[in-house]
Amino acid sequence: MADDPHSTPDELDAGLAFAYGDDSAAAPAPSVLERIGEVTGSKPRVLLKEEAAGDTPILKPLGPGERREAGKYVVQGELGRGGVGAVHKGHDQDLGRDVAMKFLHARYKDDPGILHRFVEEAQIGGQLQHPGIVPVYDLGLVDGKPFFTMKLVKGQTLARKLAVRASPTEDRRSFLAIFEDICQTLAYAHARGVVHRDLKPANIMIGSFGEVQVVDWGMGKVLRQGGVADEKLAAERQAQLSVIETVRSGGHGTQSLVGSMMGTPAYMPPEQARGDVDAMDERSDVFALGAILCEILTGKPPYVGETEDVIGMASLAKLDDAHARLDACGAEPEMVELTKRCLMPAPAARPRSAEVVAKAVHDHLAAAEARVHEARVEAAKAKVRAASLKRTQTLGISLTAVIAIGLAASTWFWRAADAAAKSEKEAKLAAVASAETARENEQRAVEQTAVAERELARAVEIKTLITDMLKGIQPEQAQGRDITLLREILDTAAARLAEGAIQDELVAAELHGVIGGVYNSLGLYAEAERHLPVALEIRERVLGPEDELTLKSADGVAVLRVSQGHYAEAEELFLRTLETRERLFGEEHEDTIRSMSFVAAVYSRQDRDAESLELSRRILELQRESLGDDHEDTLVTRQNIASHLMDHARYAEAEAAYLEIIELLEKQSGADHPMTIVTRGNLASLYESMGRYAEAEPLQRQVHEQRRRVLGPEHPQTLTGQLALAQVLVSLGKRDEAEPYVLQALEVQERLLGPDHPDTLRSVGMLGTICLQQNKMAEAEAYHRRAYETRKRVLGEEHGNTLASLGNLAIVYQETGRYAEAEEVYERLSELQLHAFGEEHPNLIGTRLNLASLYEKQGRPLEAESVYHESMVVQERLFGAKHPDTLLTKHKLAMLYLQQDRVDEAAPLVLECWEVRKEVLGPDHEKTLDCLATLARVRQVEERFDEAQALFEQLVPALARVLGEDHPMTLGNQGNLAMLYHQQGRLEEAEDLFLRTLESQKRSIGEEHEFTLGTYTNLGNLYLEMGRYQEAAEMFEVSLPIKRRVLGEDHPWTGFALQGLMRAYLSLGRFDEALPLQREVLERAFTEQEGEDADAAALNEFAWLLLNADFERLRDPERALEFASRACALEEAREGLQLWMFLDTLASAQHATGDTTAAVATQKRALELMPEGADEGVQERLEEYEAALEDDSND
Amino acid sequence: MSRSPSDTCWTVLRAAAHGDAAARSTFSRTYAVAIRSFLAARWRGRLLEGEVDDAAQEVFVECLKPSGVLERADEGRGDFRGLLFGVARNVARRFEDRAVARGRLLPEDSAWLGQVAADEPGQATLFDRGWAQALLRQTKRLHRERALADGLAGERRIELLERRFGDNEAIREIAARWGVPAQDVHNAYRKARTEFYGCLREVVAFHAPPGADLDAECRRLLACLR
């Protein structure tokens, strides 16, 4: 078999659309109004008040590809559809009125026979002018398809009105009046030589003002003159078509057929059922009238049954059942008689035309009317007489007359009656009553049987309807429609079921199964729990554990357990049904394979990848054998395997698999097939997981658009796709674009799925994450808390989704400085995830990285480093070095190194991250900028100031552009640039930038944020250097208490503020205030720097303090010498760049302790290592020591 | 015309060129649609529009006359479509020249003629589209014939395509109308597409030069419809 490896599905669609669609566009008739408008400059426009009847319900809106204009008509949705055409609602723009537009189906537009008949229908409707016939206004052509317009009748069909009667006796007179109108209309048509040939209640419209109209003259035949269709030719053509091709639709014989036999079997005369078109004339319509009358009187047409049976009955005129029903219907004998005459098998035996029938019905109704009138008159007369009798108190009225006027209730009369006459009359009445009772009983029995049969049929229909309706609430079937009413019905049905309203246990089980399944798909697991296990219990008990229905119920319960996250229970149930099906049906049966798929899915949910994959592969083998390689079920399994590969970061294999599946699906099922769309969506998600955002974004947009088009904008799958698109946009940093997508999806989900549905909660969580990234912490917390609380309630505390929500909430805690709460949550999460997923699962890695980040914030770098390092190694192995998650961890580790002054370790990691992110995400992506910021810091620490400045000056405007001017990251880096200016000696520029940064930070992130506190310290230090001690003191006075409170006493930044304030006080001569601070500084130095984790810079700093303490009693040169020596040893060991500074301090200490010779040697070495011009004091101090040494030698 | 599997348009052309009546009839039927639609599109809205039939007839005469185009046609020279386009274009120009000479053009038509003459690529596209439409019609006929031979299921597949592409019904609607699972309709739809493409390939193979990449030819043909 050929296939089309080089043609895209769209191209093939174009070919198919040309071949089987509308290929010959023809210009429709233009709007007259448009023409007039062109001439006069304005269009006449008269609009009358709408009819009270309101709008005509449109059954189906126009499809995206359907033409909306046909000349002067605007085509609206479909009102109905038949075998050869569809009727749409339309609007005539010129005349400003609604019309019905009947379009020939495109597939018949080249069929001469059908075309001919279609046009004839329009011509018949156009020429027959009678109030009972819907007038045809216009005949036209659009896109090669003919159409005609006619009056839009607003109302109900007779079929509908008959169907809603409680019994055939209800309102019988009104229906007979309608029937008379039908007969009158047909009499007119017959007089014009037209027979209808498809008369039935569905083709009779009753308007809102009671007007009766006969519609659908599509099978009409002109008998005597003008435009007679070539019936033989048509019949020959139709005979070539098969039954399937020509049946308008399946059913119970009450729908029209086109083909060798035209019409609707249930109402059809035998000559028509036999296809003897030549024998058909007015009397064929008379038969159909009889059939309608039969339905009016008995509730059913003459023939009842499945289509094929009905055709058989019609062709043989098997009317016994109809006659029996007519005899038992209790209608007036003349109507029963008329019906039977109309239904005579031989046309010659029927009334010769509709006019005769019309007259008979009219006479009957008139007689009945007359009888009623007479009775009313008699009643009135009786009243008058009674009044007169009462007045005169006479007894001169006969018994007969009294009975006739119905005054038997008068006790006054009975007392006056003749006793003998009374006895005789009573005996007669008793005899009549007895006879009537017997007849009534018989009739009642017949009626009760008929009622019981109807009730049974109705019950079956109602059950089917209810089942379908309940299923219709499921998102997949509801397809985005408002299901509020259906949901209420579902809840009511559930409540009634709970009350025991259904007696039959198996029916109850079925309803429990349906209702529970619907609740499950709505995410209402507690409600589902009340039904699905009940269905299983009943079926197990009544049908036994191995019945197919019991197994289906077991599947239902197991699916619920999966939804609830109770995987072990689900697995047990699935395995049990699988074992039973394997034993009963064999391994290759489709139900068995489906069971296997369930088991594979539940393995996968439990992360038992090897088992899941193995089983999936076995399923694939079986499907390939039994269904073929490219069967849709086989492709579903292949897709599952691909998803499995994706989940386990086997991206290349997953990508290859998806691409192959998509190619096959597009070729076989077209690009718009739901599974093709799903697979393309999966591919887009794969690209996103791989960090290939540039490919993921357009694909995800394309898929989303396709879903909107194919499934509608509110379909759950469309919304899921919309969220996937939003996710990519978030990954790309386009949060402002993503947010409306998520908000809109949430609005629809809350409305259509309810607030507890998993899809709704997914949107809530995503919004929380977006708000978090936008620094809208309160909103983020509210969203995440809502997701967490709801999931905890619906899914249980240990469900994977609940845990994910909890993790998100912990991130909010962390970001808002609630470290203790955050740490507690992370540790709990880690435990649960380790237990559930094993130690290398991405979720667990994510939690551990969050915990590491928290350690960092708490000043616990070693713990953080250990976690980062371990995670990075695992990620590199699982996802590869360029994966976004790996890069993130790498970057975090680099920043940690940087904070610890391990710049040599940090630099290569940062550079690698920046390069890769630039390549993958683009230079302006937030994460790329994040790396750039770290790189700038690295260069700053390395004292490669020019490079650092260039990087910062590139970074800050980019951040302002991407994240906003007040974003913490923008301001933080603005502060870093200010610090760089400070380092470069550009003090005023530094001050200006620091001040601007501080103001913005105080406004946007508050005084307690660590970035704001950092800026206070930096600005204070700048003022110290500028000699503006008062301003320096103010900076430290504000920030020190906050740091003590927020960061803690032990935090290094608290120490820096302490030192800064102490120096400012000293410089201002506020010694009393400086003394306790200096003591505190020294105490911290002693405690902090005695351990193995000593910081060389801090040791050096304290050595300097011990040498230069402003208070004599605090000076300690010996201790300073010890600290300085350790600082130099540490810095030398790690080949640090600050060794020259530490040597400078060491030389001072040596000099202070009297070892000037050593001091000279040390200072010389400091001078050698010092960057040129860094500190003139070093040279000065060397000269001082040399002079001292010389003095000593002179001494 | 009944074709043997080894037939190509060149075997028909040669037979037609040598006076085989059946082949000539086949030739005319096969290419009439493409030629007519090209001429009708070229002359739409002009006085010449009434001469489409005559001009189409003249194209056939040009092809079938002794020492005409068909006799000179050479398989090795490539695609017959190009040859036919050349003939149709020449005949069209001849009609246009004649109309000018006889003063049968409206004044504004002179400017239009200039544009048509200058728009060689556009005219080729026009012809290609007509050509593609003609081949698609052949494909549809072949496809219907094959599918109907497959009995009820085949008839259903044709109805399915008509409903899907003609009446714009969604697969799920068709499934509901037929009262069968949507999956079955999807499967039938997939099969119908594959069959249709197979027929298209066959029709294209008939017209394509020997050794041509048929899938690429199909793609090119389908693209012409846009």
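Residues numbered from 1 in each chain as written. Chains lettered and ligands numbered in written order. Predicted model: local features only at pLDDT ≥ 70, side-chain atom pairs only at ≥ 80, totals over all residues. Heavy atoms only, no water.

K.L.:
I'd like to hear about the overall build of chain B, residue by residue, with values.
P.N.:
A tally of helices and strands in chain B yields 11 helices and zero strands. Mapped in sequence order, the helices and strands of chain B form the string α-α-α-α-α-α-α-α-α-α-α. Residues classed as buried in chain B amount to 49% of the 226 residues present. Within chain B, residue pairs in contact and separated by at least 24 positions form 66% of the contacts whose partners lie at least 6 positions apart. Only carbon and sulfur atoms are counted for the fraction: they give 51% of the accessible area of chain B, which is about 10,200 Å². (Helix = DSSP H or I, 4+ residues; strand = E, 2+ residues; numbered from the N terminus. Buried < 20%, exposed > 50% of the residue type's maximum accessible area, 1.4 Å probe, protein only. Contact = heavy atoms within 4.5 Å. Areas by Shrake-Rupley, 256 points an atom, 1.4 Å probe, with all protein chains shown as cover.)

K.L.:
Tell me about the overall build of chain A, residues and numbers included.
P.N.:
Counting secondary structure elements, chain A contains 52 helices and 11 strands. For chain A, the residues scored as buried account for 48% of the 1195 residues in total. Residue pairs in contact within chain A that sit at least 24 positions apart in sequence constitute 57% of those at least 6 positions apart. Carbon and sulfur atoms provide 52% of the accessible area of chain A, an area that totals close to 55,400 Å².

K.L.:
Summarise the sheet that holds strand E9 (residues 204–207) of chain A; cite the residues concerned and give the values.
P.N.:
All names here are of chain A. In spatial order, the strands read E7-E9-E10; together these three strands make up an open sheet with antiparallel pairing. Here the strands that pair on one side only, and so sit at the sheet edges, are strand E7 (155–157) and strand E10 (212–214). Along the sheet, successive strands turn relative to each other by an average axial angle of 25°, direction set aside. Sheet contacts for helix H5 (residues 172–191): E9 and E10; angle to E10, the most-contacted strand, approximately 45°. (Pairing = 2+ DSSP bridges. Axes fitted to C-alpha atoms, helices over the stretch in contact; angles between N-to-C directions.)

K.L.:
I'd love a proper account of the state of the cysteines, names of residues and values included.
P.N.:
By definition, a disulfide links two cysteine residues through a covalent bond between their sulfur atoms. Under the defined criterion, the tally for this structure stands at zero disulfides over all chains. A:Cys294 takes part in no disulfide bond, and the closest cysteine sulfur to it belongs to A:Cys329, at a distance of 8.3 Å. (Disulfide = S-S within 2.5 Å.)

K.L.:
Describe a negative patch on the surface, naming the residues involved and giving the relevant values.
P.N.:
Negative charge collects at one region of the surface, where A:Glu1176, A:Glu1180, A:Glu1183, A:Glu1186, A:Glu1190, A:Asp1191 and A:Asp1192 lie side by side. Residue classification places A:Glu1186 among the partly exposed positions, given a relative accessible area of 31%. (Patch = residues over 30% accessible without salt bridge, like charges linked within 9 Å, V, L, I, M, F, W, Y side chains within 5 Å. Salt bridge = Lys/Arg side-chain N within 4 Å of Asp/Glu carboxyl O. Lys, Arg positive; Asp, Glu negative; His and termini not counted. Charge placed at Lys NZ, Arg CZ, Asp CG, Glu CD.)

K.L.:
Please set out helix H51 (residues 1156–1169) of chain A residue by residue, giving values where relevant.
P.N.:
Residues and elements named next belong to chain A. For H51, spanning 14 residues, the distance from its first C-alpha to its last is 20 Å, which sits close to the expected 20 Å at 1.5 Å a residue. Taken residue by residue, H51 has Thr1156, Ala1158, Ala1159, Val1160, Thr1162, Gln1163 and Ala1166 as its buried positions. Against helix H50 (1139–1152) and helix H52 (1176–1194) lie the buried residues of H51. (Expected span 1.5 Å × (residues − 1).)

K.L.:
Go over the confidence of the model for chain B, please, and point to the residues and values.
P.N.:
Do not read the fine detail of predicted coordinates wherever pLDDT is low. Scored by pLDDT, chain B comes out at a mean of 81, with 91% of its residues at no less than 70. Under a pLDDT of 50 for its full length, residues 1–5 of chain B has, in the predicted model, seven contacts with residues more than four places off or in other chains. (pLDDT = per-residue confidence, 0-100.)

K.L.:
Outline the side chain of A:Arg325, listing residues and values.
P.N.:
All names here are of chain A. With respect to the helices, strands and loops of the structure, Arg325 is situated in helix H11 (residues 320–328). Residue Arg325 is classed as buried on the basis of its relative accessible area, which comes to 15%. Setting aside its immediate chain neighbours within four residues, Arg325 contacts Cys294, Thr298, Lys300, Pro301, Pro302 and Val304.

K.L.:
Before we move on, could you go through the packing of helix H8 (residues 152–166) of chain B against helix H10 (residues 182–207) of chain B and cite the residues and values that matter?
P.N.:
All names here are of chain B. As a packed pair, H8 and H10 sit with axes 9 Å apart at the nearest point and diverge in direction by 95°. Viewed along their axes, H8 and H10 adopt a mutual orientation that is roughly perpendicular. On H10, the residues touching Arg157, Leu160, Leu161, Arg164 and Phe165 of H8 are Val185, Ala188, Tyr189, Lys191, Ala192, Arg193 and Glu195. Residue composition of the contact of H8 with H10, grouped by class: seven nonpolar, no polar and five charged. (Parallel < 35°, antiparallel > 145°, perpendicular 65-115°, else oblique. Nonpolar A, V, L, I, M, F, W, Y, C, P; charged D, E, K, R; others polar.)

K.L.:
Run through the nonpolar core, naming residues and quoting values.
P.N.:
A:Tyr868, A:Val938, A:Leu955, A:Leu1019 and A:Leu1061 are the most contacted members of the largest nonpolar core, which has 106 residues in total. Among the domains, domain 4 (712–816) and domain 5 (1089–1195) of chain A are the pair contributing at least three residues each to this core. If near-sequence neighbours (up to four positions away) are discounted, A:Leu1019 is found in contact with A:Glu991, A:Phe994, A:Leu995, A:Leu998 and A:Met1035. Counting 75 residues, the second-largest nonpolar core is a separate cluster that includes B:Ala16, B:Ile35, B:Val69 and B:Trp112. (Core = buried A, V, L, I, M, F, W, Y, C linked by side-chain atoms within 4.5 Å. Domains from an automatic or database assignment.)

K.L.:
Break down helix H48 (residues 1096–1108) of chain A for me, with residues and values.
P.N.:
In this model, H48(A) (13 residues) spans 18 Å end to end at C-alpha, consistent with the 18 Å of a helix rising 1.5 Å per residue. Taken residue by residue, H48(A) has A:Ala1096, A:Ala1098, A:Leu1099, A:Asn1100, A:Phe1102, A:Ala1103, A:Leu1105, A:Leu1106 and A:Leu1107 as its buried positions.

K.L.:
Run through the pattern of salt bridges, naming residues and quoting values.
P.N.:
Residue and element names in this part refer to chain A. What the rule picks out here adds up to 71 salt bridges over all chains. We note a salt bridge from Arg561 to Glu529, for which the minimum N-O separation is 2.7 Å. Taken together, the positions of Arg561 in helix H22 (residues 548–564) and Glu529 in helix H20 (residues 525–529) put the pair 32 residues apart, joining distant regions of the chain. A relative accessible area of 10% places Arg561 in the buried class.

K.L.:
How would you explain unusual backbone geometry if you had to name every residue and give the values?
P.N.:
Residue and element names in this part refer to chain A. A positive phi angle, near 65°, is found at Asp901, a position not held by glycine. Within the fold, Asp901 resides in the loop between helix H38 (884–899) and helix H39 (903–921). Even without being a glycine, Glu943 presents a positive backbone phi close to 65°. Along the chain, Glu943 turns up in the loop between helix H40 (926–941) and helix H41 (945–963).

K.L.:
Pulling in residues and values, what's your account of the sheet that holds strand E6 (residues 145–151) of chain A?
P.N.:
Taken together, six strands build an open sheet; the order of strands is E1-E2-E3-E4-E6-E5 (chain A) and the sheet is antiparallel. Because the sheet does not close on itself, it has two edges, and the strands there are strand E1 (69–70) and strand E5 (136–142) of chain A.

K.L.:
Could you give an account of the side chain of A:Thr577, naming the residues involved and the relevant values?
P.N.:
Relative to the assigned elements, A:Thr577 resides in helix H23 (residues 567–585). A relative accessible area of 3% places A:Thr577 in the buried class.

K.L.:
Before we move on, can you summarise the packing of aromatic side chains with the specific residues and values?
P.N.:
Here the structure, examined in full by the defined rule, presents 12 aromatic pairs over all chains. Through successive ring pairs, a cluster of aromatic residues spans B:Tyr31, B:Phe38, B:Phe85, B:Phe127 and B:Trp131. Looking at A:Arg165, its charged tip hangs above the ring of A:Phe175, at a distance of 5.0 Å from the centre. (Phe/Tyr/Trp six-rings, centres within 6.5 Å; stacked < 30°, edge-to-face > 60°. Lys NZ or Arg CZ within 6 Å of the ring centre and 35° of its normal.)

K.L.:
Outline the packing of helix H37 (residues 861–879) of chain A against H38(A), supporting the account with residue identities and numerical values.
P.N.:
Axes are the key here: two packed helices are described by the angle between their axes and the distance separating the axes. Residue and element names in this part refer to chain A. Following both chains from N to C, one finds H37 and H38 inclined at 155°, their axes separated by 9 Å at the closest point. Relative to H38, the element H37 is oriented roughly antiparallel. Note that H37 runs across H38; the crossing there is left-handed. Contact with H37, carried on its side by Pro861, Ala864, Glu865, Tyr868, His869, Ser871, Met872, Gln875, Glu876 and Phe879, involves Asp885, Thr886, Thr889, Lys890, Lys892, Leu893, Leu896 and Tyr897 of H38 and no other residues of that element. (Left-handed = near helix turned anticlockwise from the far one by under 90°.)

K.L.:
Just give me the short version of the environment of A:Glu666, but keep the residues and values in it.
P.N.:
Within the element layout of this structure, A:Glu666 appears in helix H27 (residues 651–669). C-alpha of A:Glu666 to C-alpha of A:Ile677: the two residues are 11 residues apart in sequence and 9.3 Å apart in space.

K.L.:
Explain the pairing of E5(A) residue by residue, including any values.
P.N.:
Where E5(A) and E6(A) come together, six bridges link them in antiparallel fashion. Considered in E6(A), the bridge of A:Leu139 is made with A:Phe148.

K.L.:
Describe the pairing of strand E3 (residues 85–92) of chain A, naming the residues involved and giving the relevant values.
P.N.:
Residue and element names in this part refer to chain A. Of all the eight residues making up E3, seven are buried; the element is thus mostly covered by neighbouring parts of the structure. Note: strand E2 (residues 73–81) against E3, six bridges, orientation antiparallel. Paired with Glu78 across the two strands is His88, which belongs to E3. Where E2 hands over to E3, the hairpin turn is made up of three residues, counted between the paired strands. Pairing of E3 with strand E4 (residues 97–104) involves eight bridges; the strand directions are antiparallel. Counted as the bridge partner of His88 is Met101 from E4. In this antiparallel pair of consecutive strands, E3 and E4, the connection spans four residues, and Gly96 shows a positive phi of 70°.

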